[in-house]
Amino acid sequence: MARHEYLVFDLRRPGRVRRYQDVLKMILIAVGCLSVGLHIAVLFRSTFDVPCATTLHRTDTEPWAPWTASSESRKSSSDQLLTAVKHADKPGRPVLRSPLAHRRRDGLKFGGQVKSSTSLPPPDVPLNDAVRLERKEYKALWRHYKATANISSSPYARPKQSIPPYRNMAAVYAANKSYPALGSSVWDRFHAGVGPYQLYESTSAIDGVIKDLQTAAIKRAEMKDGGTQLKLFIEFDGSGKALFKPLRLNSTQEDNPNHFYFNYFERHYSEIAAYHLDRILGFHRAPPVAGRHVNLITDIRNKADDNLRETFYISPAGNICLTGSCKYYCDTSHGLCGAPELLPASFSAFLPEDEGPGLRMTWRHPWRRSYSRSKLAPWEMDSNYCGLIKTIEPYDGGRRMLDIVDMAVLDYIANNLDRHHYETFYEFGNESSPIHLDHGRSFNKANTDEPTILAPLYQCCLIRRSTLKRLLDLTHGPRLSELLDLSLQSDLLYPVLSPAHLNAVDRRVYGVLDVIDKCLTDATNPSNVIIQEDVNAYFPSS
Ligand SMILES: Nc1ncnc2c1ncn2[C@@H]1O[C@H](COP(=O)(O)OP(=O)(O)OP(=O)(O)O)[C@@H](O)[C@H]1O
Ligand SMILES: [Mn+2]
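So, here's what we can say about the structure.

Definitions and limits used
- The written sequence of each chain sets the order in which its residues are numbered from 1.
- Whichever chain is written first is A, and whichever ligand is written first is 1; the rest continue in order.
- Where totals are concerned, whole chains, interfaces and linings use all residues; where local detail is concerned, this predicted model gives features only for residues with pLDDT of at least 70, and gives and counts side-chain atom pairs only at 80 or more.
- Side-chain measures here rest on the full set of heavy atoms in the structure, leaving out hydrogens and waters.
- For the purposes of this entry, the term helix denotes a DSSP run of H or I that reaches at least four residues, the term strand denotes a run of E that reaches at least two, and both are numbered from the N terminus.
- Accessible surface area values rest on a Shrake-Rupley calculation with a 1.4 Å probe, where residue burial reflects the displayed protein chains alone.
- In this text, near means that some heavy atom of the residue lies within 4 Å of the molecule or strand in question.
- Here a polar contact is taken to be a pair of N or O atoms separated by no more than 3.5 Å, where protein atoms must pair a possible hydrogen donor with a possible acceptor and residues adjacent in sequence count only if both atoms sit in side chains.
- Polar here means any residue outside two lists: the nonpolar Ala, Val, Leu, Ile, Met, Phe, Trp, Tyr, Cys and Pro, and the charged Asp, Glu, Lys and Arg; Gly therefore counts as polar.
- Domain segmentation is taken from an automatic or database assignment of domains.
- Note on ring pairs: Phe, Tyr and Trp rings are taken, using the six-membered ring of Trp, and paired if centres are within 6.5 Å. Classes follow the plane angle, with under 30 degrees stacked, over 60 edge-to-face and the rest tilted.
- When a residue's accessible area, from a 1.4 Å probe over protein chains only, is under 20% of the maximum for its type it is buried; when over 50% it is exposed; and in between it is partly exposed.
- Geometrically, a lysine NZ or arginine CZ counts as sitting over a ring once it is within 6 Å of the ring centre and also within 35 degrees of the ring normal.
- Whether two strands pair comes down to DSSP finding at least two bridges between them.
- The disulfide criterion is simple: two cysteine sulfur atoms within 2.5 Å.
- Listed donor atoms are N, O and S within 2.8 Å of the metal (Na, K and Ca: 3.2 Å). As water is not included, a site may look incomplete.
- By salt bridge we mean one thing: a side-chain nitrogen of Lys or Arg within 4 Å of a carboxyl oxygen of Asp or Glu.
- Counting rule applied: Lys, Arg positive; Asp, Glu negative; His and chain ends not counted.
- A contact between two residues is defined here by any heavy atoms of the two lying within 4.5 Å.
- Each axis is a line fitted through C-alpha atoms, and for a helix only the stretch in contact is used; angles between axes span 0 to 180 degrees, taken between their N-to-C directions.

Below, the discussion takes up the overall build of the protein chain. Along the backbone of the protein chain there are 17 helices and 14 strands. Total accessible area on the protein chain stands at roughly 26200 Å², and carbon and sulfur atoms take up 56% of it.

Here it is in structure tokens:
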């Protein structure tokens, strides 16, 4: 008898009674399950009484899909975050806690839910524990990653030029007797260790520099020209120098949705967070950045040159402010004001002297945005744009194209749309890495991602094997948000990133991996996508 017949109630069939009983049994079981379910739901609701408005909704059923919040919940979330920030503004250590701090305190596991709580979360607890990213298994990616070891069929798997002319800056100094000899200060040691592929090897090379950025007395402050928004060139007692960017917005404030990316404010905390992110991703190509409060009178005005000093004023609220002078936002309606004279800012450690051994080349980024409200960039119009770029030096082989993809990964995770140019050290030649500079416009939106930042990746379908490994590790070991939060705890302006931004970086790791997944699905040979760079060939004796 065909199976589907069992679904038909036919009184003449011999099996009727048994089937009738079966159906009755099923109905009873269903009613039983429903009532048990309802009891559990009532029990659960009273135990975990989290307001519904704080729950974020996903747009589809994929665990790694972008999260969106309903406008109701978004408003409620931001209200609570604002309350949290108000608390954090009280003197003493900020109390705005990251989701991780919350997790640690409550003994929560990765992606776990609140174990037991009979009351509402305290106001300083971020809402992001309501948002849980499931871990996605990237089994196929791991398989491909393993299969690509020691395969070097691509022109990107070997250095294009023989090797960079110098192993590090110490060698550049040594070869050019006209440069002042490097001493043993923390700054000289940092500069000596700057290499062709990374600015430092381990944090021990930059610990002292970070300490100086956080605590050294400021000797001189002047406006740095170039660029569009105010930034200061700072000299510390001793030999340290830094680029200063002031607080304009904090990390819970989004840019005006009607503004283009090129109108976004530069953000001090974004510079700090991007340095930590770059380091955690294993690139080490962003100079060390630290945050601290400056006293606008004693640290800046009293150390400023005339140009800068004359832009200071006292606001109607009695706070010390300055406008600086620059192209955008250097007027009294965008004054930078202390409370009453203290202002948080970022300090980016200066690289080796750019009029000496640290001379840098500036490159127009091939995937630069149009910086226009109406025009598209060439890469947005040409489906074979990468094919074209791959014929042009230095993107036609060797490491540069892979470095561009690394930079896109960093930028996508930080939501940085502002990569118009990049710089390399002249003395290290073309077979060296771009320096990751200028992240002031990153970490601007926490709840949306910009897929086109990954254009170099999805148009070229190339990624360095070690970068893929790092991303895959972040889906198994501690999450990126946890590593980032932990790292940011060393900054004086901790928490630096709002919980929503921490949440975003985890989501974006999956975003990158999904793109690589797609590249591999379309590729004929995985070793054309995952590039095992022949690093040993660079320095055979090391
Ligand atoms: N840590 C650093 N050491 C040395 N030079 C630096 C450092 N950071 C930035 N610079 C130099 O200062 C220039 C301006 O800095 P930055 O790009 O951050 O400013 P910006 O105002 O954002 O520029 P733009 O408006 O063009 O985007 C950089 O292009 C770089 O040449
Ligand atoms: Mn910029």
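Moving on from the coordinates now.
Here we come to the site of ligand 1. Around ligand 1, 18 residues are found, and the nearest of them are Thr228, Lys245, Glu266, Glu423 and Asp438. In the environment of ligand 1, an oxygen atom lies 2.8 Å from a nitrogen or oxygen atom belonging to the side chain of Thr228. Within the complex, 86% of the 610 Å² of free accessible area of ligand 1 lies under protein. Counting only elements with at least two residues in the shell around ligand 1, the list comes to β5 (241–246) and β10 (342–349). Across the shell around ligand 1, the residue classes tally to 6 nonpolar, 4 polar and 8 charged. Both of domain 2 (139–162 + 358–537) and domain 3 (181–349) provide at least three residues apiece to the shell around ligand 1.

Scanning the entire structure with this criterion turns up 15 aromatic pairs. With centroids separated by 6.0 Å and ring planes inclined at 65 degrees, the aromatic side chains of Tyr173 and Tyr179 adopt a geometry described as edge-to-face. Ring geometry for Phe244 against Phe347: centres 5.4 Å apart, planes inclined by 80 degrees, an arrangement best described as edge-to-face. Of this pair, Phe244 sits in strand β5 while Phe347 sits in strand β10, placing them 103 residues apart in sequence. When sorted by exposure, Phe244 lands in the same class as Phe347, which is buried. The structure contains a cluster of three or more aromatic residues connected by ring pairs, namely Phe260, Tyr261, Phe262 and Tyr371. The ring of Tyr261 is capped by Arg369, whose NZ or CZ atom sits 5.8 Å from the centre of that ring.

On to the sheet that holds strand β9 (residues 336–337), then. An order of β7-β8-β9 is seen for the 3 strands of this open sheet, with the pairing classed as antiparallel. Where the open sheet ends on each side, the last strands, each with one partner, are β7 (312–314) and β9. One ladder, built from 3 bridges, connects β7 with strand β8 (residues 320–322); its direction is antiparallel. Pairing of Ile314 across the sheet is with Ile320, part of β8.

So, about the state of the cysteines. Under the definition given, this model contains 4 disulfides. Between Cys321 and Cys337 runs a disulfide, and the two sulfur atoms are separated by 2.1 Å. Here the disulfide of Cys321 and Cys337 is right-handed, its torsion about the S-S bond being about 110 degrees. Of this pair, Cys321 sits in strand β8 while Cys337 sits in strand β9, and the two are 16 residues apart along the sequence. The connectivity of the disulfides in the protein chain is 1-4, 2-3, 5-6, 7-8, where the numbers refer to bonded cysteines in sequence order.

Here the focus is the coordination of the manganese ion (ligand 2). The textbook angles at a metal center are 109.5 degrees for a tetrahedron of four donors and 90 or 180 degrees for an octahedron of six. Those protein atoms acting as donors to the manganese ion (ligand 2) are Glu266 (OE), Asp438 (OD) and Asp438 (OD), and they sit at 2.1 to 2.7 Å. Taken together, the residues span a long stretch of sequence, with Glu266 in the loop between β5 and α8 (268–280) and Asp438 in the loop between β12 (421–425) and α14 (455–460) at a distance of 172 residues. Exposure remark for Glu266: the relative accessible area of 11% places this residue in the buried category.

Once that is clear, we can look at the pattern of salt bridges. Two side chains bearing opposite charge may form a pair once their charged atoms approach each other closely. Going through the model one piece at a time under the given rule, you end up with 27 salt bridges. Ionic pairing is found between Asp406 and Arg464, a salt bridge with its closest N-O pair at 2.5 Å. With Asp406 in helix α13 (residues 400–414) and Arg464 in strand β13 (residues 463–464), the pair connects residues that are 58 residues apart, well separated along the chain. Arg464 matches Asp406 in its accessibility class, with the two residues each being buried. Connected via shared salt-bridge partners are Arg285, Arg399, Asp403, Asp406, Arg464 and Glu533.

Relative to the elements of secondary structure, Asp299 occurs in helix α9 (residues 296–300). Despite its burial, Asp299 pairs with no opposite charge; the closest candidate is Arg292, at 4.9 Å N-O. A polar contact is formed between the side chain of Asp299 and the backbone nitrogen of Asn295, at a distance of 2.8 Å. Setting aside chain neighbours within four positions, we find Asp299 in contact with Ile218, His293 and Val294.

Further remarks concern the sheet that holds β5. Spatially, the 5 strands line up as an open sheet ordered β3-β4-β5-β10-β6, and their pairing is antiparallel. Only two strands of the sheet have a single neighbouring strand rather than two, namely β3 (218–223) and β6 (289–295). Neighbouring strand axes in the sheet, compared pairwise and without regard to direction, differ in orientation by 35 degrees on average. Strand direction decides the pairing type here: strand β4 (residues 232–236) and β5, joined by 4 bridges, are antiparallel. Bridge pairing links Leu232 to Phe244 in β5. Contacts from helix α7 (residues 207–215) reach β4, β5, β6 and β10 within the one sheet, and its direction differs from that of β6 by about 20 degrees. Contacts between α8 and the sheet are confined to β5, β6 and β10, with β6 contributing the most and set at about 150 degrees to the helix.

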